[in-house]
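One letter stands for each residue in the lines below.
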Amino acid sequence: FTRADDLCPNDHEIIHFIGVALIGLGRYDEATAKIQRAIELFPEFPDALADLGDCLAKLGKCSEAQLAYRRGLQLVLPGEEAHVQIEAGLARLGYQ
């Protein structure tokens, strides 16, 4: 991970993918930081917002997760992969 991060420190997609890998490892705090960085670089990144919501929910930060999900919903059309992920995340939190 660190090599890709060192080579492309401002590539939002690479940073996001590192965050996704960290999610897979259960390292939610680190994943959250990487995904937030990706969103800083590219604020209209619905996939990253969906993953951020998932991380925050895993960390018990449900109100922050809801905000990330809602922001992501504004950027996608129904049926898109990120939309489905966001809707599922909101449902897990008890929101519609």
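Structure shown above.
Peer 1: Please clarify how the pattern of salt bridges should be interpreted in this entry.
Peer 2: Opposite charge on two side chains permits pairing when their charged atoms draw close. Tallying each qualifying case throughout the model produces 3 salt bridges. For R92, the salt bridge is made with D54, and the minimal N-O distance between the two is 3.2 Å. A residue pair is termed long-range when its members are at least 10 positions apart, and R92 in helix α6 (residues 81-93) and D54 in helix α4 (residues 46-58) qualify at 38 residues.

Peer 1: I tried to follow the packing of helix α2 (residues 12-24) against α4 on my own but got confused; where do I start?
Peer 2: What describes two packed helices is the angle between their axes and the distance between those same axes. Where α2 meets α4, the axes come as close as 11 Å, and the angle between the chain directions of the two elements is 30°. Considered as vectors, α2 and α4 are oriented roughly parallel to each other. Read as a crossing pair, α2 and α4 show a hand that is left-handed. Of the residues in α4, those in contact with H16, V20 and I23 of α2 are D47, A48, D51 and C55.

Peer 1: Even after reading the chapter, I still don't get the packing of aromatic side chains, so can you show me in this structure?
Peer 2: Where two aromatic rings form a pair, the distance of their centres and the angle of their planes describe that pair. Taken as a whole and assessed by the stated rule, the structure comprises 1 aromatic pair. Centroid distance F42 to F45: 5.9 Å. Interplanar angle 65°. Geometry classified as edge-to-face.

Peer 1: I tried to follow the environment of V76 on my own but got confused; where do I start?
Peer 2: You can see V76 is positioned in the loop between α5 (62-73) and α6. By relative accessible area, V76 is classed as buried at 10%. Measuring from C-alpha to C-alpha, the distance between V76 and N10 comes to 24 Å, with 66 residues separating the pair along the chain. With sequence-adjacent residues up to four places away left out, V76 is seen in contact with P46, A82 and H83.

Peer 1: Looking at this structure, I do not really get the nonpolar core. What am I missing?
Peer 2: Looking at soluble globular proteins, one finds that nonpolar side chains tend to be buried together. The biggest cluster of nonpolar side chains holds 19 residues, and the ones touching the most others in it are I35, I39, A48, L52, L56, Y69 and I86. Those elements that provide at least two residues to this core are α2, α3 (28-41), α4, α5 and α6. In terms of residues, this core owes the most to one element, α4, which gives 6 residues. Residues contacting Y69, with those up to four places away along its chain left out, are A50, G53, D54, A57, I86, G89, L90, R92 and L93.

Criteria and thresholds
- Residues numbered from 1 in each chain as written.
- Predicted model: local features only at pLDDT ≥ 70, side-chain atom pairs only at ≥ 80, totals over all residues.
- Heavy atoms only, no water.
- Salt bridge = Lys/Arg side-chain N within 4 Å of Asp/Glu carboxyl O.
- Helix = DSSP H or I, 4+ residues; strand = E, 2+ residues; numbered from the N terminus.
- Axes fitted to C-alpha atoms, helices over the stretch in contact; angles between N-to-C directions.
- Parallel < 35°, antiparallel > 145°, perpendicular 65-115°, else oblique.
- Left-handed = near helix turned anticlockwise from the far one by under 90°.
- Contact = heavy atoms within 4.5 Å.
- Phe/Tyr/Trp six-rings, centres within 6.5 Å; stacked < 30°, edge-to-face > 60°.
- Buried < 20%, exposed > 50% of the residue type's maximum accessible area, 1.4 Å probe, protein only.
- Core = buried A, V, L, I, M, F, W, Y, C linked by side-chain atoms within 4.5 Å.

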